[in-house]
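Working through the structure, step by step
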Amino acid sequence: MPSGVKRSGVLGSLLALRDRLRASGGKGLADALVLAGVTVVAASLALAMNVTTPVRFVENLTYDFRLALGVPPAQPGAFAIVKVDDLALNAMRDSSECRCLAPINKAWLADVLVALDAKGVKAIGLDYLLDTWSSDEEFEAFSQRIAGVKAPIVAVVDPAMTPGVDFKVSPKIRYSDAKALILTDYDGVVRRYDPRPGKMPALATEVGIAAVGLKPPAGPFDIRYRAPDPTVEAENAGAIAPSFSAALVEFIPANQLKDKIVFIGRTTRAATADADTPVEDMHTTPLRFLEGHYRGTPGVEVHVHALSQMMAGDQVKRSGPLWTTAIVLFSALFGSFIGRSTQSWWVSVGIVFLGIGIGAAGAVLLYKYTAVMVPMVAPAWAFAFGFFLLSRLSAAELQNQRAFYSSTLERYLAPQVIDRMVGGQEQVKIGAEEREITVMISDLENFSNLVASLPLETFEGVINEYFDGVIDILWKHEAMIDKMTGDGIIAIFGAPVPYEDHADRAIACCREIDVYALEIRERMIARGIKFGYTRMGLSSGIGLVGNFGGERRFNYTAYGEVVVIAARLEAANKTFGTRILFSGDTLKLAKRDVPIEAVGEIDLKGVPVPIPAYTTPTVDIARP
């Protein structure tokens with residue numbers, strides 16, 4: 001940290017630590033250690049937030065959104081869905097002696113199974129409980145009707161009941177656990193499937209085993225939901241496979257069902273929004289962003305999605321704790337690295353949003369093409385934390401540097417010039433260069449007598465009052481104070497910050513100083529102090545300006561004939577009885593209309609040719 005500049009608080013402590021590290025190990029090592037420290041802090045904050053409910057909620061949303069956008073196709077022609085919809089419920093009611101819907105008419109259901117088998121289906125998954133019978137006669141009638149069915153039939157049962165013990169079983173029925181859909185976290189969204197939730201396999205698992213000899217995964221897995229069947233339209237839009245009403249099975253062409261795995265669902269999509277079909281078997285899934293799933297996904301279709309995935313052999317590849325930590329650390333490092341460059345607040349916010357957007361796009365594409373699901377929220381927080389932590393640290397350091405440089409430069413330059421220089425609006429070149437400038441040199445008349453005639457304390461107050469006013473005027477016109485020589489000042493206009501109107505600034509500045517010098521002279525005389533006139537010389541031209549000196553000390557100053565002429569013109573005021581003299585070169589560059597009086601061509605010591613000189617009256621200038 002620059003000497004003399006102090007900052008308290010956390011940022012001050014960090015800056016002090018960085019300075020100590022730089023002093024002991026060098027700038028490169030210190031900056032690397034600070035970068036690493038900020039990265040670890042940002043990553044730790046992001047990982048700590050990752051377990052909170054709001055962050056989990058957003059992470060789940062990003063997971064669902066990516067999964068919905070990156071759906072792979074299902075096996076074409078592999079599945080069909082038979083709906084127990086309004087039409088089927090009416091048909092079942094009409095065939096029932098009690099003309100009721102509950103319990104389900106097992107005879108009607110058996111006829112549906114027989115009709116499907118006649119179409120040549122590969123297997124039938126029945127998403128309906130077959131673990132209760134109203135009577136032995138009902139069981140026998142059902143068993144006799146399906147006795148000739150060749151396709152394997154899989155039905156779901158309550159996992160608390162044991163087939164053959166708690167209820168009668170048919171040799172034609174294979175049984176599966178009804179509890180396979182796993183609700184993720186607290187939001188009730190079905191994202192996972194358990195292939196064997198209890199003593200029996202799940203419905204999709206048992207159907208896959210019966211139909212194709214499936215070898216199911218050993219444990220629960222994330223469901224990689226599939227794309228809808230492109231041939232499905234109308235009320236079935238979004239379904240994974242063609243859907244038919246159970247009431248119309250016998251009329252469906254055999255080629256639409258032959259060799260397909262058929263699932264029968266108790267409740268599926270209704271034909272219209274105001275249909276009587278109940279929707280209690282609809283589940284919220286990551287597909288809720290897609291058409292046909294806004295009101296939920298039928299449970300029977302979730303089983304089809306799970307079976308399609310198991311048959312395809314693919315899976316959602318989630319990053320484990322180590323990979324998640326590595327991703328969050330990398331995001332924090334990237335944000336911290338970018339944050340080293342100081343920017344305005346709105347640019348910083350834009351960079352953060354851009355970085356998060358790029359990360360989000362990358363995560364979406366990564367899942368779409370590789371099925372790899374990486375966290376999005378924690379890395380985004382880590383990137384933002386890293387960026388803002390280090391950008392604030394860099395901004396604090398820059399602010400300290402600006403304060404340091406301002407406190408140093410203000411001895412030479414006007415404050416508004418310093419502000420533009422340290423703010424980057426003005427370009428300042430370090431070194432020496434030839435540049436067109438205007439030099440002003442002033443001198444206070446009878447300064448030696450003033451020093452000798454006044455007590456030290458009085459003289460100090462008088463001279464300070466005089467210089468304070470002169471310097472304020474110089475700063476107002478954005479001059480650079482090169483030197484103060486006891487009673488005089490050497491000032492440069494047009495360097496180090498270049499101005500096209502440096503000659504106009506210099507003339508206007510001298511005219512204002514002259515008015516001020518006359519006023520303070522009158523005040524001092526009224527106090528009994530013999531205060532002289534202020535004489536000034538101006539010259540414009542090419543000068544060599546820059547930092548001159550040695551290894552240990554240098555000074556920003558100007559050299560050249562332009563400086564010599566200004567000094568000689570200042571001294572010539574005494575000869576001509578003027579207070580301001582400027583050269584013809586200054587007059588040529590000046591564009592403002594000010595009163596000008598020609599003094600004539602004068603010979604100046606050290607200048608080979610006579611110099612045309614001019615003066616300007618100032619008595620009519622009003623002080624601001």
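The text that follows walks through the structure, step by step, so that each part is easy to find. (Residues numbered from 1 in each chain as written. Predicted model: local features only at pLDDT ≥ 70, side-chain atom pairs only at ≥ 80, totals over all residues. Heavy atoms only, no water.)

1. Comments concerning a nonpolar patch on the surface
Test applied: Here a patch means residues that are over 30% exposed by relative accessible area and free of salt bridges, tied together within 9 Å if like-charged and within 5 Å if nonpolar (Val, Leu, Ile, Met, Phe, Trp, Tyr). Only the protein chains shown count as cover for residues, with accessible areas throughout obtained via the Shrake-Rupley method and a probe of 1.4 Å. Salt bridges are identified by distance alone: a Lys or Arg side-chain nitrogen within 4 Å of an Asp or Glu carboxyl oxygen. Numbering of helices and strands runs from the N terminus; a helix is a DSSP stretch of H or I covering at least four residues, while a strand is a stretch of E covering at least two. Relative accessibility thresholds used throughout: buried, under 20% of the residue-type maximum; exposed, over 50%; partly exposed, between the two (1.4 Å probe, protein chains only).
Taken together, the side chains of Phe57, Val58, Leu61, Phe65, Leu69, Tyr186 and Phe289 define a hydrophobic patch exposed on the protein surface, amounting to about 590 Å² of accessible area. Residue placement: Val58 occurs in helix H3 (residues 53-69). The exposure class of Val58 is partly exposed, given its relative accessible area of 38%.

2. Observations concerning the environment of Leu333
To keep it simple, the criterion reads: Should any heavy atoms of two residues lie within 4.5 Å, those residues are counted as being in contact.
Along the chain, the position of Leu333 falls in helix H9 (residues 321-339). Each C-alpha atom, one on Leu333 and one on Val38, is 8.0 Å from the other, the two residues being 295 residues apart in sequence. Residues within four places of Leu333 in sequence aside, it is in contact with Leu35 and Thr39.

3. Section: unusual backbone geometry
Residue Pro496 is bonded to the preceding Ala495 through a cis peptide linkage, with omega at 0°. With respect to the helices and strands, Pro496 occurs in the loop between strand E16 (488-493) and helix H15 (502-526). Unlike most non-glycine residues, Asp259 shows phi in positive territory, near 65°. As for its position among the elements, Asp259 is in the loop between strand E8 (243-245) and strand E9 (261-265).

4. Here's the deal with the pattern of salt bridges
Applying the stated criterion across every chain yields a total of 22 salt bridges. The partner of Arg505 in a salt bridge is Glu478, with the nearest N and O atoms 3.1 Å apart. Here Arg505, found in helix H15, pairs with Glu478, found in the loop between helix H14 (456-476) and strand E15 (480-485); they are 27 residues apart in sequence, far enough to count as distant. Overall, Arg505 belongs to the buried group, its relative accessible area being 17%.

5. Examining the packing of aromatic side chains
The criterion, for reference: For this analysis, a ring pair means two rings from Phe, Tyr or Trp (six-membered ring only for Trp) whose centres lie within 6.5 Å, classed as stacked if their planes differ by under 30 degrees, edge-to-face if by over 60, and tilted for the remaining angles. Two conditions define a charge located above a ring, namely a distance within 6 Å from the ring centre to NZ of Lys or CZ of Arg, and an angle within 35 degrees of the ring normal.
Overall, the coordinates contain 14 aromatic pairs when judged by the stated rule. When the centroid spacing of 5.6 Å and the interplanar angle of 70° are considered together, the rings of Phe167 and Tyr175 count as edge-to-face. Each member of the pair Phe167 and Tyr175 is classed as buried. Aromatic rings pair up to connect Phe330, Phe334, Phe383, Phe387 and Phe388 into one cluster. Between the NZ or CZ atom of Lys106 and the centre of the ring of Trp133, over which it lies, the distance is 5.3 Å. Geometry around Tyr367 places Arg224 over its ring, the cationic atom sitting 5.3 Å from the centre.

6. Some words on the nonpolar core
Formally: Joining through side-chain atoms within 4.5 Å is the link that ties buried Ala, Val, Leu, Ile, Met, Phe, Trp, Tyr and Cys residues into a set, and such a set is a nonpolar core.
If you look at the biggest cluster of nonpolar residues, it comprises 39 residues, and the most contacted ones within it are Leu116, Phe142, Ile173, Leu257 and Ile264. Looking at this core, the elements with two or more residues in it are strand E1 (79-83), helix H4 (86-95), helix H5 (106-118), strand E2 (123-129), helix H6 (136-145), strand E3 (153-157), strand E4 (173-177) and E9. At 7 residues, H5 tops the list of elements feeding residues into this core. When residues no more than four places from it in sequence are discounted, the contact partners of Phe142 are Lys106, Ala110, Leu113, Leu130, Trp133 and Ile173. Within the second largest apolar cluster, 38 residues are counted, among which are Leu67, Val154, Tyr193 and Val300.

7. Quick look at H6
Since the α-helix turns once every 3.6 residues, residues separated by three or four places project in the same direction. Under the convention used in this document: Read the arc as the range of directions from the helix axis to the C-beta atoms.
Of the residues making up H6, those classed as buried are Glu138, Phe139, Phe142 and Ser143. The buried side chains of H6 occupy one side of the element, clustering within an arc of 130° when seen end-on. Within H6, the exposed residues directed more than 90 degrees away from the buried face are Glu137 and Gln144. Looking at the buried side of H6, the elements it contacts are H5 and E4.

8. Comments concerning empty space enclosed by the protein
Note the following rule: Here a cavity is any set of points on a 1 Å grid over the protein atoms alone where a 1.4 Å probe fits but cannot get out, and a pocket is any open set with protein on both sides within 12 Å along at least 5 of 7 lines; a residue lines the site when it has an atom within 4 Å of a point. Grid points are joined across faces, edges and corners, and a volume is the space filled by probe spheres set on the points. By the convention adopted, Pro, Cys, Tyr, Trp, Phe, Met, Ile, Leu, Val and Ala count as nonpolar, Lys, Arg, Asp and Glu as charged, and the other residues, Gly among them, as polar.
Overall, the coordinates contain 1 cavity of 30 Å³ or more when judged by the stated rule. Here the largest cavity is characterised by a volume of approximately 30 Å³. Along its surface, the largest cavity is lined by Asp504, Ile507, Ala508, Ala590, Arg592 and Val594. Across the lining of the largest cavity, the residue classes break down as 4 nonpolar, no polar and 2 charged.

9. A few points about the pairing of E16
The test is simple: Following DSSP output, two strands are said to pair if at least two bridges run between them.
Counting buried residues along E16, 6 of its 6 residues qualify, which places the element largely inside the surrounding structure. Where E15 meets E16, 5 bridges bridge the pair, whose relative direction is antiparallel. By the bridge assignment for E16, Ile481 is matched with Ala491. Once E15 ends, the chain turns through 2 residues before running back antiparallel as E16, passing Gly486 with a positive phi of about 75°.

10. Quick word on the side chain of Asp487
As a reminder, the rule being used: None of His or the chain ends enter the tally, which takes Lys and Arg as positive and Asp and Glu as negative. Residues adjacent in sequence count toward polar contacts only when both atoms are side-chain atoms; beyond that, a polar contact is any pair of N or O atoms within 3.5 Å, and within protein one must be able to donate a hydrogen and the other to accept it.
Position of Asp487 relative to the elements: it lies in the loop between E15 and E16. Salt bridges are absent for the buried Asp487, whose nearest opposite-charge side chain, Arg535, sits at 7.3 Å. Within the structure, Asp487 has its side chain in polar contact with the backbone nitrogen of Leu444 (distance 3.5 Å). Excluding residues within four positions of it along the chain, Asp487 makes contact with Asp443, Leu444, Phe447 and Phe467.

11. Points about the packing of H5 against H6
What counts here: Structural elements are reduced to axes, namely lines fitted to C-alpha atoms, with helices fitted over the stretch in contact, and the angle between N-to-C directions of any two is expressed from 0 to 180 degrees. Here the angle decides the label: under 35 degrees means roughly parallel, over 145 means roughly antiparallel, 65 to 115 means roughly perpendicular, and every other value means oblique.
Contact geometry of H5 with H6 gives a least axis separation of 9 Å together with a crossing angle of 10°. By the angle between their directions, the pair H5 and H6 is classed as roughly parallel. Listed contacts from H6 to Lys106, Ala107, Ala110, Asp111, Leu113 and Val114 of H5 are Glu138, Phe142 and Arg145. A breakdown of the residues in the contact of H5 with H6 according to their chemical character gives 5 nonpolar, no polar and 4 charged.

None of this, on its own, says anything about what the molecule does.
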